[in-house]
Amino acid sequence: MAVLPYIVGNWKMNGTRAMLAEARAIDRAASRFPGVEVALAPPFTLIGAMREAVNDIGVGGQDCHVKPSGAYTGDVSAPLLVDTGADFCIVGHSERRAMAHETDALVRAKAEAAQAAGLGVILCVGETEAERDSGHAEKVVTDQLAGSLPQAGDAAAKLSVAYEPVWAIGTGRVPSVDDVGAMHRAIRAKLVATYGEAGAAVRVLYGGSVNAGNAAELLAADEVGGALVGGASLTAESFTAIIGAAAALAEHG
Ligand code: PGA
């Protein structure tokens, strides 16, 4: 069975109950494009309400703790995410790697904790601008993968990888389609080296300033199986255009 393109919105620290109207509109739009798998990752506080509000899209968390429960004030575990209605979790987003000092080993532990709780995982990797300029972007990203890919059990089965160059996030700048393709080929090679045949089916998403205007071009790049979208996922209008671009490519590409 062909793997559907996966278009995921990361709402970051945005999303009051008033924004459930956007989630409902995104859900209605997604139901018109059955050839695309669509999901939203709202803040923890909105996961339960969003799960109730939508039918056809996935709802997930943006992070989880490595432990299932305990004295970790302010943290949220993978089983708690499941309990509130999440079906996946983003781990290792560059904002957490940078601001919460998350290491590859911690990201791997989070990915394994999420999978152990039954959640799908979107594992984020990406180089900084200085690392890109130094010519080492592929090594940086494959080293991040080596340190943070989950290894426990059937790890490749419920895994997606999101390639998000740090310098492209929220900046309006995107890599060339050739650079995206080259990085995605390197990621694919690492996945196959790590998981064997199962690594060939892991979806590799591109993320960083994806919008309605550039989605078709980025999604058509080599080995790109979807997109992780921040700012342009906050309104149904812009996110639906990206879902539509993925659907058109899946149909004709
Ligand atoms: P952006 O964010 O689309 O706003 O650049 C992407 C992300 O951080 O996942």
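Preceding this section is the structure that the text describes.
These figures come from a predicted structure and were not determined experimentally. (Residues numbered from 1 in each chain as written. Predicted model: local features only at pLDDT ≥ 70, side-chain atom pairs only at ≥ 80, totals over all residues. Heavy atoms only, no water.)

### Section: the overall build of the chain
Item 1. Of regular secondary structure, the chain possesses 10 helices and 8 strands.
Item 2. Principal-axis analysis of the C-alpha atoms gives the chain an extent of 45 × 45 × 35 Å.
Item 3. Out of the 253 residues in the chain, the part that is buried amounts to 51%.
Item 4. Residue pairs in contact within the chain that sit at least 24 positions apart in sequence constitute 72% of those at least 6 positions apart.
Item 5. Total accessible area computed for the chain in this model is approximately 11000 Å², and 53% of it derives from carbon and sulfur atoms.
Item 6. Between the centroid of the 19 positive side chains of the chain and the centroid of its 29 negative side chains there is a distance of 4 Å. (Helix = DSSP H or I, 4+ residues; strand = E, 2+ residues; numbered from the N terminus. Buried < 20%, exposed > 50% of the residue type's maximum accessible area, 1.4 Å probe, protein only. Contact = heavy atoms within 4.5 Å. Areas by Shrake-Rupley, 256 points an atom, 1.4 Å probe, with all protein chains shown as cover. Lys, Arg positive; Asp, Glu negative; His and termini not counted. Charge placed at Lys NZ, Arg CZ, Asp CG, Glu CD.)

### Quick word on the site of the ligand
Item 1. Lining the immediate environment of the ligand, one finds 13 residues, of which Lys12, His93, Glu164, Gly170 and Ser209 sit closest.
Item 2. In the model, an oxygen atom of the ligand is placed 2.7 Å from a nitrogen or oxygen of the Lys12 side chain.
Item 3. Taken by itself the ligand offers 280 Å² of open surface, and the protein chains cover 94% of this.
Item 4. Residues that form the shell around the ligand fall into these classes: 4 nonpolar, 7 polar and 2 charged. (Near = heavy atom within 4 Å. Polar contact = N/O pair within 3.5 Å; in protein donor to acceptor, adjacent residues only side chain to side chain. Nonpolar A, V, L, I, M, F, W, Y, C, P; charged D, E, K, R; others polar.)

### Considering the sheet that holds strand S8 (residues 226-229)
Item 1. The sheet built from 8 strands closes into a barrel, its strands ordered S1-S2-S3-S4-S5-S6-S7-S8 with parallel pairing. When the angles between neighbouring strand axes are averaged without regard to direction, this sheet yields 25°.
Item 2. Where strand S1 (residues 6-10) meets S8, 4 bridges bridge the pair, whose relative direction is parallel. Bridged to Ile7 within S8 is Ala227.
Item 3. Lying on the sheet, helix H2 (residues 44-53) is in contact with strand S2 (37-41) and strand S3 (58-61); it crosses S3 at an angle near 175°.
Item 4. Along the sheet face, helix H7 (residues 137-148) touches strand S5 (120-125) and strand S6 (159-163) and points at about 145° away from the line of S5. (Pairing = 2+ DSSP bridges. Axes fitted to C-alpha atoms, helices over the stretch in contact; angles between N-to-C directions.)

### Notes on the nonpolar core
Item 1. Ranked by internal contacts, the top residues of the largest apolar core, which has 65 residues, are Ile7, Ile26, Met50, Val161 and Ile187.
Item 2. The greatest single-element share of this core, amounting to 7 residues, is contributed by helix H10 (residues 236-252).
Item 3. Contacts of Ile26, omitting those with residues within four sequence positions, involve Trp11, Val38, Leu40, Ile57, Ser233, Thr235, Ala236, Phe239 and Ile243. (Core = buried A, V, L, I, M, F, W, Y, C linked by side-chain atoms within 4.5 Å.)

### Here's the deal with the packing of helix H1 (residues 20-31) against H10
Item 1. The interhelical angle for the contact between H1 and H10, taken along N-to-C directions, is 25°, at an axis separation of 9 Å. Considered as vectors, H1 and H10 are oriented roughly parallel to each other. The hand of the H1/H10 crossing is right-handed. Judged by residue contacts, Glu22, Ala25, Ile26 and Ala29 of H1 engage Ala236, Phe239, Thr240 and Ile243 from H10.
Item 2. The class makeup of the residues in the contact of H1 with H10 is 6 nonpolar, 1 polar and 1 charged. (Parallel < 35°, antiparallel > 145°, perpendicular 65-115°, else oblique. Left-handed = near helix turned anticlockwise from the far one by under 90°.)

Remember that the coordinates give geometry; whether it matters functionally is a separate question.
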